[in-house]
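Structural features, examined
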Amino acid sequence: MKFGAVPVQDAKGAILAHSIALPKGRLRKGVTLDADALRKLENAGISEVTVARLEPEDVHEDAAAELLANALVPNAKAANLRLAPASTGRVNIFATEHGVAEIDAAKIDAVNAVHPMVTVATVPKLHRMAARGMVATVKIISYAVPHSVVTQAMAAADDALRVRAVSRKRAALIQTQVGDSKDGSKGQRSMGMRFDRLGVTMGPKTVVPHQVDALSGALQDAAKEHDILCILTGSATSDLFDVAPEAVRAAGGEVVHYGMPVDPGNLLFWGHLGDTPVLGLPGCAKSPAMNGADWVLERMLCDVPVMPADVMGMGVGGLLKEPPSRPTPREGK
């Protein structure tokens, strides 16, 4: 691509590099200068313009962006994605379903390493997506790039993006009550918001005494009609053998892991009752603010495998904003 200032009479067919104000209206950058545009420039007394002129081996920015976007998402329907039309060298990529973004970071890095003028930006890996939310944007910075660059970037892209849609759409929240503690309305409301934004239906409010037998029975009943079980205890789970984990075992389930290096969210545990995931929520889940449990819950709702190593790898970036309602702040008064 050739770029630079040229006399207006020599600019026909070139791409205008910078917007120009005219006595009536303006010519916007990126427009291909035809005879009518040149006449407007001359009538405005403009003798020179900065333009980009494509060479035979170049691919126009819009065409290059479309080619790369289609390489990133070769089957949009299967990937639960939608590619917007190219404009100004950009193609935006949107989710069509609620879920989490599955992104091959190594492939995205490889695309971005091909040429500085070829870029792809995405949301973080396994980021929660609402339908119609933007997952990624492809942007060709220059007005054109060589065909060889486009070919190399497309090869690197190779089906790197998709949305894993929510598959567990019926959730149960079981809360426990200690003595005369609150009735669970706050937790029900906050968790309802979490489920609602992912299109998940939450069962009726269920509050049982903070006892192993009562909680295990409630878990067994809920497992008959729900795809995922969440426990929010009236007293924090302080050990792998505290009331809530023991109730999961008493119900015939298994506890896989306890604790996570995310704050707020440390006191999380999870396991399963048969094929149904069970998530023991930390007390901070009573607040709608982001906490570590959100990251695990969102993956479980989309049937993304969660292993202990996945959670223990969340420490970098795991220091989250502390909610004002937190009963024990990080720093004492």
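Residues numbered from 1 in each chain as written. Predicted model: local features only at pLDDT ≥ 70, side-chain atom pairs only at ≥ 80, totals over all residues. Heavy atoms only, no water.

Another point: helix α4 (residues 147-157). In an α-helix there are 3.6 residues to a turn, and that puts residues three or four apart on one side. Taken together, the buried positions of α4 are occupied by Val 149, Val 150, Ala 153, Ala 156 and Ala 157. An end-on view of α4 places all buried positions within 125° of arc, on one side of the element. Opposite the buried face of α4, by more than 90 degrees, sit the exposed residues Ser 148 and Ala 155. Those residues of α4 that are buried lie in contact with β6 (58-60), α2 (61-72), α3 (105-112), β10 (118-122) and β13 (144-146). A positive backbone phi angle near 35° is found at Asp 158, which sits one or two residues after α4. (Buried < 20%, exposed > 50% of the residue type's maximum accessible area, 1.4 Å probe, protein only. Helix = DSSP H or I, 4+ residues; strand = E, 2+ residues; numbered from the N terminus. Arc of directions from axis to C-beta. Contact = heavy atoms within 4.5 Å.)

This brings us to the sheet that holds strand β7 (residues 81-83). Taken in spatial order, the four strands line up as β7-β8-β12-β10 in an open sheet, and their pairing is antiparallel. With partners counted over all chains shown, the strands left at the sheet margins are β7 and β10, one partner each. Adjacent strand axes in the sheet meet at a mean angle of 15° when their direction is disregarded. α2 contacts β7, β8 (90-95), β10 and β12 (134-140) of the sheet and is inclined by roughly 140° relative to β12. (Pairing = 2+ DSSP bridges. Axes fitted to C-alpha atoms, helices over the stretch in contact; angles between N-to-C directions.)

Turning to the sheet that holds strand β1 (residues 2-7), a few remarks are in order. The strand order across the open sheet formed by three strands is β1-β5-β2, and the pairing between neighbours is antiparallel. At either end of the open sheet lies a strand with only one pairing partner, and these are β1 and β2 (15-16).

Another aspect to go through is the environment of Pro 116. As for its placement among the helices and strands, Pro 116 is situated in the loop between α3 and β10. Residue Pro 116 is classed as exposed on the basis of its relative accessible area of 61%. Along the sequence, Pro 116 and Ser 142 sit 26 residues apart, while their C-alpha atoms lie 9.3 Å from each other.

Before going further, it helps to spend a moment on a nonpolar patch on the surface. Taken together, the side chains of Met 1, Phe 3 and Leu 54 make up a nonpolar region of the molecular surface, amounting to roughly 260 Å² of accessible area. Along the chain, Leu 54 turns up in the loop between β5 (48-53) and β6. Classification of Leu 54 by relative accessible area gives partly exposed; the value is 33%. (Patch = residues over 30% accessible without salt bridge, like charges linked within 9 Å, V, L, I, M, F, W, Y side chains within 5 Å. Areas by Shrake-Rupley, 256 points an atom, 1.4 Å probe, with all protein chains shown as cover. Salt bridge = Lys/Arg side-chain N within 4 Å of Asp/Glu carboxyl O.)

Relative to the assigned elements, Gln 175 resides in strand β15 (residues 170-177). Within the local environment of Gln 175, its side chain forms a polar contact with the backbone oxygen of Gly 184, the two atoms lying 2.8 Å apart. Setting aside chain neighbours within four positions, we find Gln 175 in contact with Gly 184, Gly 187, Gln 188, Lys 205, Thr 206, Val 207, Val 208 and Leu 232. (Polar contact = N/O pair within 3.5 Å; in protein donor to acceptor, adjacent residues only side chain to side chain.)

Attention now goes to the packing of α2 against α4. Running from N to C, α2 and α4 cross one another at 20°; their axes reach a closest spacing of 8 Å. For the element pair α2 / α4, the angle class is roughly parallel. Where α2 crosses over α4, the two elements pack in a sense that is right-handed. The residues of α4 that touch α2, namely those facing Ala 64, Leu 67, Leu 68, Ala 71 and Leu 72, are Val 150, Ala 153, Met 154 and Ala 157. For the contact of α2 with α4, the class distribution of residues is nine nonpolar, no polar and no charged. (Parallel < 35°, antiparallel > 145°, perpendicular 65-115°, else oblique. Left-handed = near helix turned anticlockwise from the far one by under 90°. Nonpolar A, V, L, I, M, F, W, Y, C, P; charged D, E, K, R; others polar.)

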